[in-house]
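One letter stands for each residue in the lines below.
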Amino acid sequence: MKISPRTVPGSLCSQNRGSADWSWQSMLAYGCRSLVVVLDPRTLQVVQAVDHQTGFVHKVKWSPQSSTHTLGDPYTLRLAAADTTGRIIVWDINQAAPRAEFSDSSKSVVDMSWLGSQSGCRDLLAVIHAPSTLAVWNADSGVCCWRKTLTETILSLSFDPFDFSRLAVRATDCLLLINDFSAAKAPPSAPLRYFTTMATGQRAGTPSSVIAPPLSASALGGSSPRVDRRTKALSRVKQLVGASSSSRSTDGVVDVPMSDCLQVVFLKACRHHICLVYPKEVLIIDLSVQQTVGSIYNERNSTPFVHVMPCQQRDIVFCLHESGVVSMRSRNPYLDLSRVYSHSGITPGSPTSATAEDVMYSVHCQSDALRLSKATTVASAVVCPVDERSVSLVLTDGRILVWDLLSTQPNSAPARMPPASVATPIEVTTALLTSAEGERDRRLFPSMCLCDLLPPQWAMPPEHVAPSGSRRPTSPVSLTDSLSAPSSQVQFVLTGLSQLVIANATCIRMCPPLTSKNLASYVPLCAVGSTSGIIQVFNLSTGQLSRQYAVHTFPVKGVEWVSQTTFISWAFSSPNSTGLVRNELLTVDIETGRSRVIRATSAGEGESPLEGVKVSAMRQYLTVFLKDKPLEIWDVQSLTLLRQMKEKFPVGTAMEWSPARSRRPTSDKAALSEGSSSENKSMQSLVREHLVMTDTESCLRHYIIEGANIKEGSKIPAEGGIGLVSSISWKGERIVLGDVDGGFHIWDLKGKVSRSIPTHRGVIKKLRFGPGKGNQMIFIQHSDGIDMWDAVATEIFCSFRSTKDNPIVDVDWVTSDKPVAIFSDGSLRLFDTQLKKTASPISALDYDSPFFSPHTMNSKAALSLRACLQHQPWNQAYTLDSIDDADENTGLVDKLMEVSTVNLPSDMKHFFPTARLGTAQRCLIAARLFGDEWEVQFWEVALFYIMKARLRKNTAVHTERQPSPRSVHDVISPELLATTRIPSSQPGQHVDYVFRLKQDSDSLDLKLVPSSRPVASDTLMPTPVGSPLAERRESDVAEEDFGIQSLRNLPQYVPSELLLDMNYDVLCETSLYQCYELKRLSLHDAKRSTYEQTKLCAINHILLGQTDRAVQILLETEPENDNYLADCLRACLTASIRSSGASQSTIKLVATNFIANERLDEGIRLLCLIHKSVDACRYLQTYGKWDQSVWLAKVSLSEDDHGEVIGRYADHLSSTAVNDKHQAALLHLSLENFARVVELLLSMQHADMAVCFIESCIEFGILPSRKAMASLTEIAFTEYAKSLHSLEMTKAALHYCSIAGEKGRLLAAWISHQE
């Protein structure tokens, strides 16, 4: 049991609103007055609480993690917190210590965001300082990189998750859009300013629309707006850039200040989309055309919107309402699946059949309503970024609620699941193509994320498969179809509720101290009373709430412990007109929860307030004194009144019992269970104890109490200079007194001397000796803090001063040298011996239940555990029951065993040994558990394209079928260079993978050889008779393009958990991307209202090959427009284009001349007209238009053709000028250029990921067969072996040395020598 300095938070204040953040490390942080609180959402334990000391915490943001974790760059918990004074502190949560501190003069912080998604920028923090300063700080050194002052008052900021050079800033009267944001320098250009408008007569608070692209002067006056006939105010768009407020007003349209907008946030699932949140409506803006394309309406019976939280894994948003209800809204169907995976795909020139529909979101489920009082509201709401299915609400009263989105049918089998008997990844992919519907009885993934729970909007459930066996979709399918009855499919379930210190605490009292007799059962319990009559009992070793009792109807005035399991509390009501009150005095047994009334005032009657209760040191007597009333003495064991003093008995101001000197009393718990018949026997068992008290004249009186007999002892008159005594403490031969004038008086009973010391700190509210034999340390509580004194030396050795806004309410001892104090803000703080710290490193704290957090573990243990979770090829079988390592480092093994068997979630412990997609799947789940953001993205993309490549090989039809080998010897040749074993997904089994370099070739032959059954080689795998693949038409088989043809029904074969949704943008499949862009274009076409929007729409139709629609749009130009002639000529040119003949050469020559004369856009359009999109993309890349070239390649080229364009873009990103190798690796993954992926991983020092990726490709049988791959494999294994050796995983390191060629043998020899 550890009793270390820590803080238990209380209630929040209004300045803490919106100060919460959920990290990828699965930690929830929020501001609680001046505290920064870190909570584990799974167990709802306070992991850490640090004090900001000045100001209230206004914003908290978790720092992004490094993409590479080594012993030199371990897992950390770094958090930036800003308070109302403008001070920003970057905290090391593990050590409870600040890493950096900075501020911009005394300007308050409005908002802030980390720039960690950019390569090399994880230490940079973008901050908005009031009123209008945008700055970028180095959070590691506290140096300001640059600052820029804007002209508007800024309210918040939001980065585009797809493009971090784009920043949206919400100002008081407009929306600012910065398109050239950079970490290196301030944006050189002025931000674009946009305004909201509202139609006349529309209800206030609901704007009609926002923004349009910047227009030239001729465009503003020369076009005839195309107005939508619908009555929705949403469809009205007005361009108001650069105009004054008076000049912007037009007939029927008025401006709406942006102050009515509650939030501006980018959608994470769709590029170019941004949300403007209003109380009754959420507007969705497409920034590529700057048009309002949709909205989220609030229902009439729902309370207003407060906050919107978009998701990334699926096109879903969580909306927080004013009542505390959280609603989940998913986007309505908008893609035609039959078009996404059609046989022909999207061909140039084919007209779009998509209908124009607004971007709309429908409610699928919502949480239960909260019963909130007028003083309690939702301060913050955040979504877990890892799983995106958990929503946490932080209430102002300090409660934390966690809502989880769960399926109501957890045991239902999802679509296209392979049989449970399948063991290897190759067999899994084969079974996905061949198994019957009834055999798919197990999920490939545990339901730990939103993408595991809900399929993509365009994915197809099994009930929509064509009955003919063609497995082609019969109708468009969406999330709405798969959740036709949302209330019966998914629902919000309250999985966590945490209650901390209740508001308005009045007193605290520690249980009896630790002694040698109660060492085995001792728990440091602290009782906290409040004005609501509730008493909370906290375990100060863990900081958790242990018990809570609502036993009083009036504010609690004090608590006294009778034993480790019983306490006495008292309360009284507000005085009536005569000054009388109703008193309550009762006892509570915390083991049973039973409470017994000791004395209470009858209803309708009144008496003097109960000012104090004292339990004797031997737990026999209870003294009760009321204001201006004589003393009462009660028997603690029988709870009977022993004696009530006469009226002439002095009225006491303070009293204290003598320390225990005689034999201990009988068990109070047994005595409390006795009836009134045992009262005489109980009185006979009572022994003598001593009591001292002071009267109103500060005279110290001594009394001897034995049963009902009270004998007055000595009387010491007050000395000169002593004021009215407010507190007494007695220990050993010393009695100390504190008075209302701040005087501190020590009486030495043995030496019969006294000493008075003025503290000059005002009234002494409380003083008490520390527990423990011979401990003469004493604390003195003042109105403005605490002093710690040595009663023997009469010297003060430490002091704590509280702020005026947060004074100390009550203090008590926890241990012999550590006090605990309750503050007016409700926080319960356990101090160290010097009164300097109220927080400790996480390693020094105890917790009520273990929780899995690699970021709080020892770095070597965390990295070793991650390696063991990802793969264990050095073992005979994958297991988490015991970590079999060759080294004798038992401490590390014990740590790993503890984490893997106790702290790891139970469903994960069962999943890892049976992961049926092998190493890649384990790496993905491990990355989610460890909060590695980029690794999660990498393995999601890798799993999809690895399985796609495997499916392509499975569907390939060979002209000559070779018989399947009957044994391992049929595929292993004498030229074998290295052989090793990979554990399969079935416990106790393994798979051999063979590296074989043919003597007559430069290619590397890699095969996957099961050890206990015939080889299922990728090139020798037969197609089962009767399977859908064997029933394909001859014309289909003859086609060579497997990019669209063989994978046209990809959602039928790939599990929904592996499908890449539109949040991956250019990384998703080409057919899906093209269909999505056509849908967007049709919506832009329907909503265009100005000439500039019409022109842009026509251009995009040309680029996407929709020439017929482009001609129609160009011919809509009015004759009064200055561009009328040019548009007519463009329409004629577009309509007369031929795919052959002399026109091709002429148009290409003109396009080349346009590009050479700095008319790039016109030249690109001409090249696209003659279907030279590849050339157009090359020109765009030559002129630095990389994003536009990739977009054009994805929407206009096939998978085979756009590979060159995207490949050049990936090489550009990996160059030293850009150095964004992470995105480059993902692009090469989408091109299935696996060798280049391994090369990039090694260049980024990701040897562990490179090895796991190589093993995953081997398990799926798709590793490239090239000599260069053999060299990369040898380098990867060697570097990974070095990393494992640094983690003292000697057996694993030697395993990889054995398969790493000559370099591996040299390294193995060196390792053996070191051992």
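Scoring rules and cut-offs
Residues numbered from 1 in each chain as written. Predicted model: local features only at pLDDT ≥ 70, side-chain atom pairs only at ≥ 80, totals over all residues. Heavy atoms only, no water. Core = buried A, V, L, I, M, F, W, Y, C linked by side-chain atoms within 4.5 Å. Buried < 20%, exposed > 50% of the residue type's maximum accessible area, 1.4 Å probe, protein only. Helix = DSSP H or I, 4+ residues; strand = E, 2+ residues; numbered from the N terminus. Contact = heavy atoms within 4.5 Å. Phe/Tyr/Trp six-rings, centres within 6.5 Å; stacked < 30°, edge-to-face > 60°. Lys NZ or Arg CZ within 6 Å of the ring centre and 35° of its normal. Expected span 1.5 Å × (residues − 1). pLDDT = per-residue confidence, 0-100. Salt bridge = Lys/Arg side-chain N within 4 Å of Asp/Glu carboxyl O. Axes fitted to C-alpha atoms, helices over the stretch in contact; angles between N-to-C directions. Parallel < 35°, antiparallel > 145°, perpendicular 65-115°, else oblique. Left-handed = near helix turned anticlockwise from the far one by under 90°. Nonpolar A, V, L, I, M, F, W, Y, C, P; charged D, E, K, R; others polar. Pairing = 2+ DSSP bridges.

Q: Explain the nonpolar core residue by residue, including any values.
A: The biggest cluster of nonpolar side chains holds 165 residues, and the ones touching the most others in it are F938, W939, L1192 and F1253. By residue number, the principal contributor to this core is helix α14 (residues 933-955), which donates 13 residues. Not counting chain neighbours up to four residues away, the residues in contact with F938 comprise L1226, L1229, V1237, L1241, M1249 and F1253. In terms of nonpolar packing, the next biggest core, distinct from the first, is built from 30 residues, Y522, I535, Y549 and L586 among them.

Q: Can you tell me about the packing of aromatic side chains, naming the residues and giving the values?
A: Summed over all chains, the structure comprises 27 aromatic pairs. Grouping aromatic residues by their ring pairs yields a cluster made of W934, F938, W939, F1234 and F1253. One residue, R922, lies across the ring of Y878, its end atom 4.3 Å from the ring centre. Between K1194 and the ring centre of Y1073, over which it is positioned, the NZ or CZ distance is 5.8 Å.

Q: Would you mind going over helix α25 (residues 1199-1213) in detail, with residue names and values included?
A: The terminal C-alpha atoms of α25, which comprises 15 residues, lie 20 Å apart, in line with the 21 Å expected from a rise of 1.5 Å per residue. Residues E1199, H1202, G1203, V1205, I1206, G1207, Y1209, A1210 and L1213 constitute the buried set of α25.

Q: Please provide a residue-by-residue account of the side chain of S1230, values included.
A: By the element assignment, S1230 lies in helix α26 (residues 1221-1230). Among the residues examined, S1230 registers a relative accessible area of 13% and is labelled buried.

Q: Lay out the confidence of the model for the protein chain with the relevant residues and their values.
A: Chain-level statistics for the protein chain give a pLDDT mean of 80 and a share of 77% at 70 or above. Across residues 411-422 the pLDDT falls below 50, and counting only partners more than four positions away or on other chains, this stretch makes 49 contacts in the model. Every residue in residues 957-1049 is under pLDDT 50, and counting partners more than four places away or in other chains gives 200 contacts.

Q: Kindly report on the pattern of salt bridges, identifying the contributing residues and their values.
A: Inspection of every chain in the model, using the stated rule, returns 54 salt bridges. For D1061, the salt bridge goes to R314, with nearest N and O atoms at 4.0 Å. Linking D1061 in the loop between α16 (1050-1053) and α17 (1070-1087) with R314 in the loop between β25 (305-310) and β26 (316-321), this pair joins segments that are 747 residues apart in sequence. You'll find D1061 and R314 in the same group, each marked buried. In this structure, K860 engages E1288 in a salt bridge whose closest nitrogen and oxygen atoms are separated by 2.8 Å. Of this pair, K860 sits in helix α10 (residues 859-870) while E1288 sits in the loop between α29 (1267-1286) and α30 (1290-1298), and the two are 428 residues apart along the sequence. According to the relative accessible area criterion, E1288 is partly exposed, its value standing at 29%.

Q: Break down the packing of α29 against helix α31 (residues 1301-1314) for me, with residues and values.
A: Put simply, α29 and α31 touch, their axes get as near as 8 Å, and they point 15° apart. Relative to α31, the element α29 lies roughly parallel. Crossing hand, α29 versus α31: right-handed. Listed contacts from α31 to E1274, I1275, T1278, A1281, K1282 and H1285 of α29 are G1301, E1302, K1303, G1304, L1307, W1310 and I1311. Its residues assigned to classes, the contact of α29 with α31 shows 5 nonpolar, 4 polar and 4 charged.

Q: An account of the sheet that holds strand β12 (residues 133-138) is needed here, citing residue identities and associated values.
A: The antiparallel open sheet is built from 4 strands, whose spatial order is β10-β11-β12-β13. Edge positions in the sheet fall to β10 (109-114) and β13 (143-149), since each of these pairs with one other strand and no more. Taken pair by pair, the neighbouring strands of this sheet meet at an average axis angle of 20°, ignoring direction. Where β10 and strand β11 (residues 124-129) come together, 5 bridges link them in antiparallel fashion. What sits directly across from M112, in β11, is V127.

Q: Give me the lowdown on the pairing of strand β52 (residues 753-758), citing residues and values where you can.
A: Working note: regular strand, side chains alternate between the two faces of the sheet. By the bridge criterion, 6 bridges tie strand β51 (residues 743-748) to β52 in an arrangement that is antiparallel. What sits directly across from D748, in β52, is V753. With antiparallel pairing between neighbouring strands as the criterion, β51 and β52 make up a hairpin whose turn holds 4 residues, including K752 at a positive phi of roughly 55°.

Q: Give a description of the side chain of N1063 that names residues and reports values.
A: When you line up the elements, N1063 lands in the loop between α16 and α17. If sequence neighbours within four positions are ignored, N1063 has contacts with F162, K268, A269, Q312 and Q313.

Q: So what about the sheet that holds strand β39 (residues 583-589)? Which residues, and what values?
A: Pairing is antiparallel across the open sheet formed by 4 strands, whose spatial order is β37-β38-β39-β40. Of all strands in the sheet, those bounded by a partner on one side alone are β37 (556-561) and β40 (595-600). Each strand axis lies, on average, 20° off the axis of its neighbour in the sheet, ignoring direction. Sheet topology places β37 next to strand β38 (residues 566-572); 5 bridges connect them, and they run antiparallel. What sits directly across from V559, in β38, is S569.

Q: So what about unusual backbone geometry? Which residues, and what values?
A: Cis geometry is adopted by the peptide bond preceding P131, which originates at A130 and carries an omega value of 0°. Relative to the helices and strands, P131 is located in the loop between β11 and β12. A positive phi angle, near 60°, is found at S26, a position not held by glycine. Within the secondary structure, S26 sits in the loop between β2 (20-22) and β3 (28-32). Exposure remark for S26: the relative accessible area of 8% places this residue in the buried category. The phi torsion at L639 lies on the positive side, around 55°, for a residue other than glycine.

Q: Can you explain the environment of I757? Please cite residues and give values.
A: Along the polypeptide, I757 turns up in strand β52. Residue I757 is classed as buried on the basis of its relative accessible area, which comes to 13%. Placed 13 residues apart in sequence, I757 and F744 show a C-alpha to C-alpha distance of 5.0 Å. Excluding anything up to four places from it in sequence, I757 contacts G742, G743, F744, W789 and T794.

Q: Give a detailed account of the environment of I842, specifying residues and quantitative values.
A: The topology assignment puts I842 in the loop between β59 (828-830) and α10. Classification of I842 as buried rests on a relative accessible area of 6%. In the structure, I842 is positioned 838 residues away from S4 in sequence and 10.0 Å away in space, judged by C-alpha atoms.

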